[in-house]
Amino acid sequence: MKGTKISSDASAVVTGAGSGIGRAFALELHRRGGRVVCSDINIGTAEETACMINDEGGSATAVACDVASLEQVQKLAEAARDWFGGAATLLVNNAGVGVGGQNLEEISMEDWHWIMGINLWGVIHGCHVFVPEMKARGVGGVINVASAASFGAAPRMGAYNATKSAVVALSETLHAEVSGTGIHVTALCPTLVKTDVIKNSRLLNGNGQSKASLMAKDRAQALMDRFGHSPESVAKKTLKGLDQNQMYVLPQLDARVAWLLKRLTPGNFVRFNGLMKHQLQ
């Protein structure tokens, strides 16, 4: 099925479509002739994305959904099915949040459950609900938005790293299980992308409100502003990879270099991360 244009004329559902990478996916899928269900926990931002598409002469609708809830994802699928007049042909599991700035033993259970619910369970719920319909049709595409953190394993990012590593493992498994069925599966593993993930993250002390936490956010945001890639370029590269049934899309050079180093010299890579922890404290 290599070369099949899964991304063209799609009936697409995009989670976390209210901003950033999710919005970029929604807009690009519309420009490829698709109809788009723009889903977000914030219905206001989802509606903004849908309006942008409709103002361009496209076809989009907004649906509120907390992907951490299986019931809400099931309702999302029902709403999409009703609006499309059939099952979705493409799912972008994009909704995600960040937790960072603490060693593993310092991360609160509240933060663990919050990030696991959205970053991992959100992807599990999406695949569980939407993939059977794709199998029944014999065609479809799934993009799971992971991160270079999935293999980078940077210190003081343990909760985020763990969720994104699990997303990659889940994607690899699904890719193997649907091989030959007409369904394409791609895991997106970017580094810095200009999105709201830092602004909405929980850094230090669990609430993001301490002086140290705000300083950490400011430093991270400055790096993203300077070195981050545009969501639009990431979305285009990922959809190209999906059409080619690429398992992994690493849209930036630094992600590809880190990927290679981790596989060539894993011991040295981990030791380097140990040295890096002093720069993050």
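Structure: above.
What you are looking at is a predicted structure, and each value in this text was computed from that prediction instead of being measured.

Trainee: How would you explain the packing of aromatic side chains if you had to name every residue and give the values?
Mentor: In this structure the tally under the stated criterion is three aromatic pairs. Ring centres 5.1 Å apart and planes at 85 degrees place the aromatic pair Phe151 and Trp259 in the edge-to-face group. A residue pair is termed long-range when its members are at least 10 positions apart, and Phe151 in helix α5 (residues 149-152) and Trp259 in helix α9 (residues 253-264) qualify at 108 residues. Owing to a relative accessible area of 4%, Phe151 belongs among the buried residues under this scheme. Here Tyr248 and Trp259 contribute two aromatic rings whose centre-to-centre distance is 4.8 Å and whose plane-to-plane angle is 55 degrees, an arrangement assigned as tilted. A residue pair is termed long-range when its members are at least 10 positions apart, and Tyr248 in strand β9 (residues 248-249) and Trp259 in helix α9 qualify at 11 residues. Exposure remark for Trp259: the relative accessible area of 19% places this residue in the buried category. Here the aromatic cluster, defined as three or more aromatic residues joined through ring pairs, consists of Phe151, Tyr248 and Trp259. Over the ring of Phe151 we find Arg263; its NZ or CZ atom is 5.9 Å from the centre of that ring. A cation over a ring is seen here: Arg263 above Trp259, with NZ or CZ 3.6 Å from the ring centre.

Trainee: Explain the pattern of salt bridges to me, using residue names and the numbers behind them.
Mentor: Per the counting criterion, the structure on display carries six salt bridges. Glu48 is the salt-bridge partner of Arg23, the closest N and O atoms lying 3.3 Å from each other. Taken together, the residues Arg23 in helix α1 (residues 20-31) and Glu48 in helix α2 (residues 43-55) connect sequence positions 25 residues apart. Overall, the relative accessible area of 46% leaves Glu48 in the partly exposed class. Here Glu56 makes a salt bridge to Arg31, at a shortest N to O gap of 2.8 Å. Linking Glu56 in the loop between α2 and β3 (59-64) with Arg31 in helix α1, this pair joins segments that are 25 residues apart in sequence.

Trainee: I'd like a description of the nonpolar core, backed by residues and values.
Mentor: Val13, Val37, Leu76, Phe130, Val142, Phe151 and Leu174 are the most contacted members of the largest nonpolar core, which totals 44 residues. Where this core is concerned, the elements lending two or more residues are α3 (70-84), α4 (109-137), α5, α6 (158-177), β7 (183-188) and α9. It is α4 that contributes the most residues to this core, 10 residues altogether. Once residues within four sequence positions are removed from consideration, Val37 is found in contact with Ala12, Val13, Val14, Thr61, Val63, Leu76, Ala80, Trp83 and Phe84. Ranked by size, the runner-up nonpolar core spans 26 residues in total, among them Leu29, Ala50, Ala60 and Leu239.

Trainee: Residues and numbers for the pairing of β7, please.
Mentor: Within β7, six of the six residues are buried, which leaves the element mostly enclosed by the surrounding structure. Alternating residues of β7 divide into Ile183, Val185 and Ala187 and His184, Thr186 and Leu188, and every residue in both groups is buried. Of the pairings in the sheet, the one linking strand β6 (residues 140-145) to β7 comprises six bridges and is parallel in character. In the strand pairing of β7, Gly141 is matched with His184. Bridge analysis of β7 against β9 gives two bridges, and the strand direction is parallel. If you follow Leu188 over to β9, its bridge partner there is Val249.

Trainee: Hey, could you go over the side chain of Arg156 for me, with residue numbers and the actual values?
Mentor: With respect to the helices, strands and loops of the structure, Arg156 is situated in the loop between α5 and α6. Summary of buried charges: Arg156 has no salt-bridge partner, and the nearest side chain of opposite charge, Glu106, is 4.2 Å away.

Trainee: An account of a nonpolar patch on the surface is needed here, citing residue identities and associated values.
Mentor: The grouping of Leu253, Val257 and Leu261 at the surface amounts to a nonpolar patch, some 270 Å² of accessible area in total. If you trace the backbone, Leu261 turns up in helix α9.

Trainee: Just give me the short version of the packing of α4 against α6, but keep the residues and values in it.
Mentor: For the pair α4 and α6, the least separation of the axes is 8 Å and the interaxial angle reads 15 degrees. Between α4 and α6, the angle falls in the class roughly parallel. Once α4 is placed against α6, the crossing between them reads as right-handed. Where α4 approaches α6, its residues Trp112, Ile115, Met116, Asn119, Leu120, Val123, Ile124, Cys127 and Val131 are matched on the opposing element by Gly158, Ala159, Tyr160, Ala162, Thr163, Lys164, Ala166, Val167, Leu170 and Leu174. By residue class, the composition of the contact of α4 with α6 is 15 nonpolar, three polar and one charged.

Definitions and limits used
- Residues numbered from 1 in each chain as written.
- Predicted model: local features only at pLDDT ≥ 70, side-chain atom pairs only at ≥ 80, totals over all residues.
- Heavy atoms only, no water.
- Phe/Tyr/Trp six-rings, centres within 6.5 Å; stacked < 30°, edge-to-face > 60°.
- Helix = DSSP H or I, 4+ residues; strand = E, 2+ residues; numbered from the N terminus.
- Buried < 20%, exposed > 50% of the residue type's maximum accessible area, 1.4 Å probe, protein only.
- Lys NZ or Arg CZ within 6 Å of the ring centre and 35° of its normal.
- Salt bridge = Lys/Arg side-chain N within 4 Å of Asp/Glu carboxyl O.
- Core = buried A, V, L, I, M, F, W, Y, C linked by side-chain atoms within 4.5 Å.
- Contact = heavy atoms within 4.5 Å.
- Pairing = 2+ DSSP bridges.
- Lys, Arg positive; Asp, Glu negative; His and termini not counted.
- Patch = residues over 30% accessible without salt bridge, like charges linked within 9 Å, V, L, I, M, F, W, Y side chains within 5 Å.
- Areas by Shrake-Rupley, 256 points an atom, 1.4 Å probe, with all protein chains shown as cover.
- Axes fitted to C-alpha atoms, helices over the stretch in contact; angles between N-to-C directions.
- Parallel < 35°, antiparallel > 145°, perpendicular 65-115°, else oblique.
- Left-handed = near helix turned anticlockwise from the far one by under 90°.
- Nonpolar A, V, L, I, M, F, W, Y, C, P; charged D, E, K, R; others polar.

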